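Coordinate analysis (summary)
Here is what each chain is made of, one letter per residue.
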Amino acid sequence: MTIDIDSDLLGTVKPYRRQIIISTGQSDWPKKVTHTAGTLAAYIDEANDSLGALRKHNAANGESNGNTPSVPGLLSYTDTSRLSILNGSHRTFCDDPNEETVLVLPDFKVVAGVPRTLDGARELWAAALDPALGRAGAATSLRSWVLPYSCLILLCSHKRKDKRCHITAPILEKAFTQYLEHENWEVHTELEDLSHHEALSSPTQNSGSDSSDTESEAESAFEAQLKALPDHHKALILRNSHIGGHKFAGNCIIYTPRGACVWYGRITPHDVEAIVKCTIIAGQVLPPLLRGGMELSRPGCKTLYEW
C-alpha cells in the first residue's frame, strides 16, 4: 500500500514508539494528565524520563532519528523512542482498585494489575514500554493478553483541553456504533474483562543463545494470535485524553492488529460510514481526513490488515 496525497491535515502527528491508554473510567480529565499527582499517567511519565534516558533506540531522548518520510505525516515506529501517554474511558478489571489496566499500542495488547505507584510504573516500563522490546515484552509478574478485537477506535473527548473534542466524541461514538452494527460488527465501548482468559507467556530471562531463541518464539506466537483477530469482527471504541491537534476535532485514531494506526481529523458523523467501510473493513486510508499515522506505507500490500 502506498499513499500519495496533499492535505493541510498531514504532518500534524508526532512520531512515537508506543502509545498507552490507561484505565480511568472517565471521559474527561485534568488538562495535563501526566502532571496530575498520584495518577499512573504521572508515574509512568516519571519512570519514562528516568529509565528512558538510559536507552538510545534509534533516537536520543525521544527525538527523531533524522529520517524524513517521503510524505509528511506517514511515520514509522522506528523513527523515535518517544512514549505517548493517554488516559482512557475503560475501567480496570482488576480486583484491587489501586491497580490499573493499560492498553499498549501498537503491540495491540492489554496489561493488567499495574499498581498506581512509581514502582508499578517502572515495572510496566521494563516489561512492555522499553523501546528495545518487541511486542511480546519481557518477563514480568504483570499479566497481559492480546487485545481481542479486530480494531481499536480512539476518540478524543478531553473537555478540559478543548470543548470541541468533548462535544464530538459521543456523537461520533454513536455514529460508529450505528454503522458498524449495520455491517454486522459487534461493538464494545467498554474493555472486555480478560481476567478469566489465559494470559500471554512472557519470554523468560535466560542466558546465552537460548534467550534470543525464546524471545523469537514468543514474538512468533504473539503475532500468530494477532493474525487471527480480524475474523472476529469486533470493534472497541474508547474515549481518550488529548492527543494533540484539538483544533482538528473530531479527532480519531484507528489501530489494527498488525500495528498500523490511522489518525483522522475534522471527522463529522457524515464521514463515519465511509471510515467504517473503507478503513475499518477494507483497510484503506481516506486521504481528505488524514492527519497522519504509523506504518501506513505498505508497498506490496493492498490493505492495512496485511502482514
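Below or above, wherever it landed, is the structure these notes cover.

Reading the values: rules and limits
Note that residues are indexed from 1 along each chain, following the sequence as it is written. Selection of residues for local features in this predicted model requires a pLDDT of at least 70, selection of side-chain atom pairs for listing and counting requires 80 or more, and totals for whole chains, interfaces and linings are taken over all residues. Side-chain numbers come from the whole structure's heavy atoms, not from hydrogens or water. Helix and strand definitions follow DSSP, with helices as H or I runs of at least four residues and strands as E runs of at least two, each counted in order from the N terminus. Burial status follows relative accessibility: with a 1.4 Å probe on protein chains alone, a residue under 20% of its type maximum counts as buried, one over 50% as exposed, and anything between as partly exposed. Multiplying 1.5 Å by the helix residue count minus one yields the expected span of that helix. Throughout, bend refers to the angle between the axes fitted to the seven residues that end at a position and the seven residues that start at it. Contact between two residues is taken to exist if any of their heavy atoms lie within 4.5 Å; hydrogens are not considered. Aromatic pairs are defined between Phe, Tyr and Trp rings, using the six-membered ring for Trp, whenever the two ring centres lie within 6.5 Å; interplanar angles under 30 degrees are classed as stacked, those over 60 as edge-to-face, and all others as tilted. Charge over a ring is defined by NZ of Lys or CZ of Arg lying within 6 Å of the ring centre and within 35 degrees of the ring normal. To obtain an axis, a line is fitted to C-alpha atoms, over the contacting stretch when the element is a helix, and the angle between two such axes runs from 0 to 180 degrees between their N-to-C directions. Oblique is the label for any angle not covered by the other classes, which are roughly parallel (under 35 degrees), roughly antiparallel (over 145) and roughly perpendicular (65 to 115). Here a crossing is called left-handed whenever its near helix is offset anticlockwise from the far helix by less than a right angle, and right-handed whenever the offset is clockwise. Three residue categories are used. Nonpolar comprises Ala, Val, Leu, Ile, Met, Phe, Trp, Tyr, Cys and Pro, charged comprises Asp, Glu, Lys and Arg, and polar comprises the others, including Gly. Strand pairing is defined by DSSP finding a minimum of two bridges between the two strands.

In this model, L105 is joined to P106 through a cis peptide bond whose omega is 10°. Residue placement: P106 occurs in the loop between β4 (99–105) and β5 (109–115). G250 follows A249 through a cis peptide bond whose omega is -5°. You will see that F108, though not glycine, has its phi angle at about 60°, which is positive. Mapped onto the elements of the fold, F108 is located in the loop between β4 and β5. When its relative accessible area of 0% is taken as the criterion, F108 is described as buried.

Across its 20 residues, helix α3 (residues 163–182) extends 30 Å between first and last C-alpha, which sits within 8% of the 28 Å expected from 1.5 Å per residue. At A169, α3 shows its strongest bend, of approximately 25°, with the proline P170 following within four residues. Taken together, the buried positions of α3 are C165, T168, A169, L172, E173, A175, F176, T177 and L180. Contact partners of the buried residues in α3: β7 (151–156), β8 (186–188), β9 (234–240), β10 (252–255) and α5 (269–281). One or two residues past the end of α3 sits N184, with phi positive at roughly 65°.

With that settled, consider the packing of aromatic side chains. Applying the stated rule across the entire model yields 3 aromatic pairs. Seen from their ring centres, Y16 and W263 are 6.2 Å apart, and the 45° between their planes marks the pair as tilted. One end of the pair, Y16, is in the segment before β1 (18–23); the other, W263, is in strand β11 (residues 261–264), and 247 residues separate them in sequence. Taken together through their ring pairs, the aromatic side chains of Y16, Y77 and W263 make up a single cluster. Above the ring of F222, the side-chain terminus of K109 is found at 6.0 Å from the ring centroid. One Lys or Arg, K234, reaches over the ring of Y149 and ends 5.1 Å from the middle of that ring.

This paragraph deals with the packing of helix α1 (residues 40–52) against helix α2 (residues 118–129). Angle between the axes and distance between the axes are the two parameters that describe a pair of packed helices. At a minimum axis distance of 8 Å, the contact between α1 and α2 shows a crossing angle of 60°. The angle between α1 and α2 places the two elements in the oblique class. Our pair here, α1 against α2, has a crossing hand that is right-handed. Here L40, Y43, I44, E46, A47, N48, L51 and G52 of α1 lie close against α2, whose contacting residues are L118, A121, R122, L124, W125 and L129. For the contact of α1 with α2, the class distribution of residues is 10 nonpolar, 2 polar and 2 charged.

Next up on the list: the pairing of β5. Within a regular strand, side chains alternate between the sheet's two faces. Counting buried positions along β5 yields 6 of 7 residues, so the element is predominantly enclosed. One ladder, built from 5 bridges, connects β4 with β5; its direction is antiparallel. In the strand pairing of β5, V102 is matched with V111. Here β5 pairs with strand β6 (residues 143–146) via 4 bridges, running antiparallel. Bridging across to β6, K109 finds its partner in V146.

Note that every value here comes from positions in space, so none of it alone points to a role or purpose.
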